Number of protein chains: 2
Amino acid sequence: MLPFKNIIVLDKTKKQPLYRQVSLGIIAAITKGVLKPDTFLPSSRALAEILSLHRKTITAAYEELSIQNWIIIQPRKKPRIARNLPLFTETTIGSLNNFSSYKIDFPFLINKTANTITEADRVSEISIDDGYPDVRLSPIDELLKTYRLFASKKYSITNAHVGTIQGTLRLRKALAKYLLETRGLAIMPANLLITHGAQMSIYLASKLLLKKGAKVIVGKPSYSIASNAFKSLGANMIEIPVDDKGIDTDRIEEACLQQEICAVYIIPHHHYPTTVTLSAERRMKLIALSKRYKFAIIEDDYDYDYHFTSAPYLPLASGKHHGNIIYIGSFSKILDSSLRLGFMVAPENFITQSVAYRKLIDGGGDGYMQNALAVLIEEGGLKRHLKKTKKVYHQRRDFLDCLLSEKLADFITYTLPLGGMAIWIKLSKAYAVKKLQQNKELHISRIDVAQNAFRFGFASMNKQELQTAVLKLEAILKKTKPLNV
Amino acid sequence: MLPFKNIIVLDKTKKQPLYRQVSLGIIAAITKGVLKPDTFLPSSRALAEILSLHRKTITAAYEELSIQNWIIIQPRKKPRIARNLPLFTETTIGSLNNFSSYKIDFPFLINKTANTITEADRVSEISIDDGYPDVRLSPIDELLKTYRLFASKKYSITNAHVGTIQGTLRLRKALAKYLLETRGLAIMPANLLITHGAQMSIYLASKLLLKKGAKVIVGKPSYSIASNAFKSLGANMIEIPVDDKGIDTDRIEEACLQQEICAVYIIPHHHYPTTVTLSAERRMKLIALSKRYKFAIIEDDYDYDYHFTSAPYLPLASGKHHGNIIYIGSFSKILDSSLRLGFMVAPENFITQSVAYRKLIDGGGDGYMQNALAVLIEEGGLKRHLKKTKKVYHQRRDFLDCLLSEKLADFITYTLPLGGMAIWIKLSKAYAVKKLQQNKELHISRIDVAQNAFRFGFASMNKQELQTAVLKLEAILKKTKPLNV
């Protein structure tokens, strides 16, 4: 017989009940291979004697082991260690080991529905982003104070998991009021869905609108992640050029005459990536076309609030339309990109379906953060934040404008945008934007090889950083041999 | 001529430049309908005289209005208000109005891909949840302190938007180490995807595995939201009964002999909703079947850490398999359901595709929160939290067990679960669970009409609350007339 007194080590000073120590000891021995499958254990009486314990203790241990299928108890026989045991890795928990079933590839077919991406884990020393807000100005501290309040014992219990699929009622109410006051959108909370960001809103809207083979009109250039979402759902893209007045609505009309258009995706305010604003005339034309040819408009208005000149155009969604505009906004651009909060405005029946689908792809949002944001809006904190940052971003835009004119006039052309957080810079044909991005001293987030252009996000950089970046660009371009064009 | 001196009100004390006040005044007049489309404005010289301003001021105002397409300037003619204007609602921004394009239904076809849901906005006074953690015990305060540190000026700049599609490297490293130590999962950070929760992981895995018509085996009963996700992707469900040893693997084998099975979705640890644990024997059989019949296993292990008896079974994913197990976990159940954090473990090639698709449906996670969680794990805070709450939940389970035996023995049957946060209670046939849920004084989150059962989430309730709930159930059932069965 095996030396059970050594195999099962007991410590009567421990709080853990003795029967538990016995069963754990046996499990450990089985795990290590000291006790083999399909072999016998001593009877409860015998083991009790060996370990100097009460027989009841052993019985209890054996019962527990039996419930968990480590051993099989049969009447009038000794207990037997099960033939088939719970699986182990060769690792005993706690020590490192090379064995892993995950070192190999997944062995079956994987639906390739999207292009794989590589994300940088570090940023270069000088980094020009795509047009992100300056997190240093973010009101996140204020938000977190409120968050902690909501998460505290007093408030959390009753409301922890309520209403987060569509978004908390409190946030939808505050947001509806805010959107009316600042964007002329007259809606009810039922017209709102709170998501994890503009991208999720785009995906959900697409899921409800598009079938395989559906035709979607997008600008050229456009926001490729949105196009990829449409494509992944089986839609076909029709690319319509974007000029200095925005997407060409005459060409949209031509397309409508030739085929059935399901939806038009536009970024009418600070177009991405070109930053242009869709003209008033084209806005009206687009609405008229959407009525005549019965297509939906997906209006992506990700940074409405940062418009520097006179009162901006109101969103198309604010005007007279046929309930066929799905309006998408985001707090990631106006507050902090880590705050995964965006929204969708649509007729109630559309929102209801979106909520149903949202539940399948994601359990919902963070109720505390949503209510913290609601409080920020209710108490005017959002407006104060926007007022402050708008001023700063306006200054940074102008400062960058000066720097670009001063230092890079020989290499670039651009139109100063009326708002937003980035300038769309076209590089002279003599220089390839791809090479620029490959430079190790400088990281540019977003380039467009076809347009030979890149986005210079100025909002997140203070004057010194803007200067450093432009000087670095200047140095690189001056060293680069111009192509023969 | 219209009385422009009244229409355009100037305030020289305001900081706002005069030319800006002029253009805004004209815009306001156009908006209100005082100035009509396609009518003429005074020449710059004339308006300057009327308003007693310098001509340059008016020229600047007109230029701005022209850029924004409010007016059209033609040489040697008076400026003309544009025929087509930016759209307005009848609301002038700031005042309430009934007009809304969103009062009507969306006019086109909406793909109905999921059953609509109605979410309660309030909870009843006595509320029995589905098995959620007690937010009062949540380490959210500790997390938020670290969150604030990361979001502070010092740290935020360099890392704000890096690596959040797959999840920050820091969290994936910490999690990989934690999963090895506690679940025997030997993986690299590249095998991890951080999502917004188990549901998102399920959705992504399904997207990569399932095509229209694909067959997926699920338990009966099972987690309906997962099934709905599979169905929405066009898959067909094959329901296999779940008994006290978990899903019936013999019946799974029968199904495999008759048709091609794409995937099997299991919750082997604390099955939802029945709470049973899949036996060792069946676990081994399932792995063998998955190899022989070449199907993927989606292992949903949403609350692994709360197991009250001896060392729990290790996940199937920890053992020897063929890289065909997609392992899904969640922090929502073990920390706080508002923290939208879950993960997926899979071979690297599968994760890569998941990341690519994730980017289409959601811009990524909250990098600050992810790194705050990483710190909690690194510093042992997660283990401490689990140790503390496991003890509490164990006590609550046992307390509820006593209450149920004492008060409701005549009405119910149940098996005490080995872990988890809920008890699956079967109601006597003489009482309909649907009626129970309809009672206004008591809200039960999750019932199963077919099984005439409900889940009693005990973890989130202290002893007093458990007592109140059980007494309420007793009172209701005693008042209910038993059916003739």
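The structure presented is a predicted model; accordingly, all values stated were derived computationally and were not measured. (Residues numbered from 1 in each chain as written. Chains lettered and ligands numbered in written order. Predicted model: local features only at pLDDT ≥ 70, side-chain atom pairs only at ≥ 80, totals over all residues. Heavy atoms only, no water.)

Asks: Hey, could you go over the environment of Ile-476 of chain A for me, with residue numbers and the actual values?
Replies: Residue and element names in this part refer to chain A. The topology assignment puts Ile-476 in helix α16 (residues 463-479). On the accessibility criterion, Ile-476 (6% relative accessible area) is buried. Sequence separation between Ile-476 and Asn-349 is 127 residues, and the spatial gap between their C-alpha atoms is 54 Å. When neighbours within four sequence positions are excluded, Ile-476 is seen to be in contact with Leu-436, Asn-439 and Leu-442. (Helix = DSSP H or I, 4+ residues; strand = E, 2+ residues; numbered from the N terminus. Buried < 20%, exposed > 50% of the residue type's maximum accessible area, 1.4 Å probe, protein only. Contact = heavy atoms within 4.5 Å.)

Asks: Tell me about the pattern of salt bridges, residues and numbers included.
Replies: Residues and elements named next belong to chain A. Scanning all chains against the criterion turns up 44 salt bridges over all chains. One salt bridge connects Glu-181 with Lys-383, and the closest N-O pair in it is separated by 2.7 Å. Taken together, the residues Glu-181 in helix α7 (residues 169-183) and Lys-383 in helix α14 (residues 381-407) connect sequence positions 202 residues apart. Looking at Glu-181, the relative accessible area reads 26%, which means it is partly exposed. By relative accessible area, which is 39% here, Lys-383 ends up partly exposed. (Salt bridge = Lys/Arg side-chain N within 4 Å of Asp/Glu carboxyl O.)

Asks: Quick one: what's the story with the packing of aromatic side chains, residue by residue and with numbers?
Replies: With the rule as written, the count across this model stands at 21 aromatic pairs over all chains. An aromatic cluster of at least three residues, connected via ring pairs, comprises Tyr-203 and Tyr-357 of chain A together with Tyr-203 and Tyr-357 of chain B. (Phe/Tyr/Trp six-rings, centres within 6.5 Å; stacked < 30°, edge-to-face > 60°.)

Asks: Quick rundown of the sheet that holds strand β13 (residues 422-427) of chain A? Include the residues and the values.
Replies: All names here are of chain A. Spatially, the 4 strands line up as an open sheet ordered β12-β13-β16-β15, and their pairing is antiparallel. The open sheet has two edge strands, β12 (412-414) and β15 (447-448), and neither has a second partner. Two elements, β13 and strand β16 (residues 453-457), share 5 bridges in a ladder whose sense is antiparallel. Each residue of the ladder has a partner; that of Lys-426, found in β16, is Ala-453. (Pairing = 2+ DSSP bridges.)

Asks: Requested: an account of the domain arrangement of chain A, with residues and values cited.
Replies: Residues and elements named next belong to chain A. Domain boundaries assigned for chain A yield domain 1 (4-97), domain 2 (126-130 + 385-479) and domain 3 (135-382). When each unit is reduced to the centre of its C-alpha atoms, the spacing between domain 2 and domain 3 is 27 Å. Opposite the 28 residues of domain 2 that make contact, domain 3 presents 26 residues. One can count 1 salt bridge joining domain 2 with domain 3. Ionic pairing is found between Arg-136 and Glu-465, a salt bridge with its closest N-O pair at 2.9 Å. Viewed at the interface, domain 3 and domain 2 are joined by 15 residue pairs in polar contact (both at pLDDT 80 or more). Secondary-structure elements contributing two or more residues to the side of domain 2 that touches domain 3 are α14 and β13. In terms of residues, the side of domain 2 that touches domain 3 owes the most to one element, α14, which gives 10 residues. Residue classes in the side of domain 2 that touches domain 3 are distributed as 11 nonpolar, 8 polar and 9 charged. (Domains from an automatic or database assignment. Polar contact = N/O pair within 3.5 Å; in protein donor to acceptor, adjacent residues only side chain to side chain. Nonpolar A, V, L, I, M, F, W, Y, C, P; charged D, E, K, R; others polar.)

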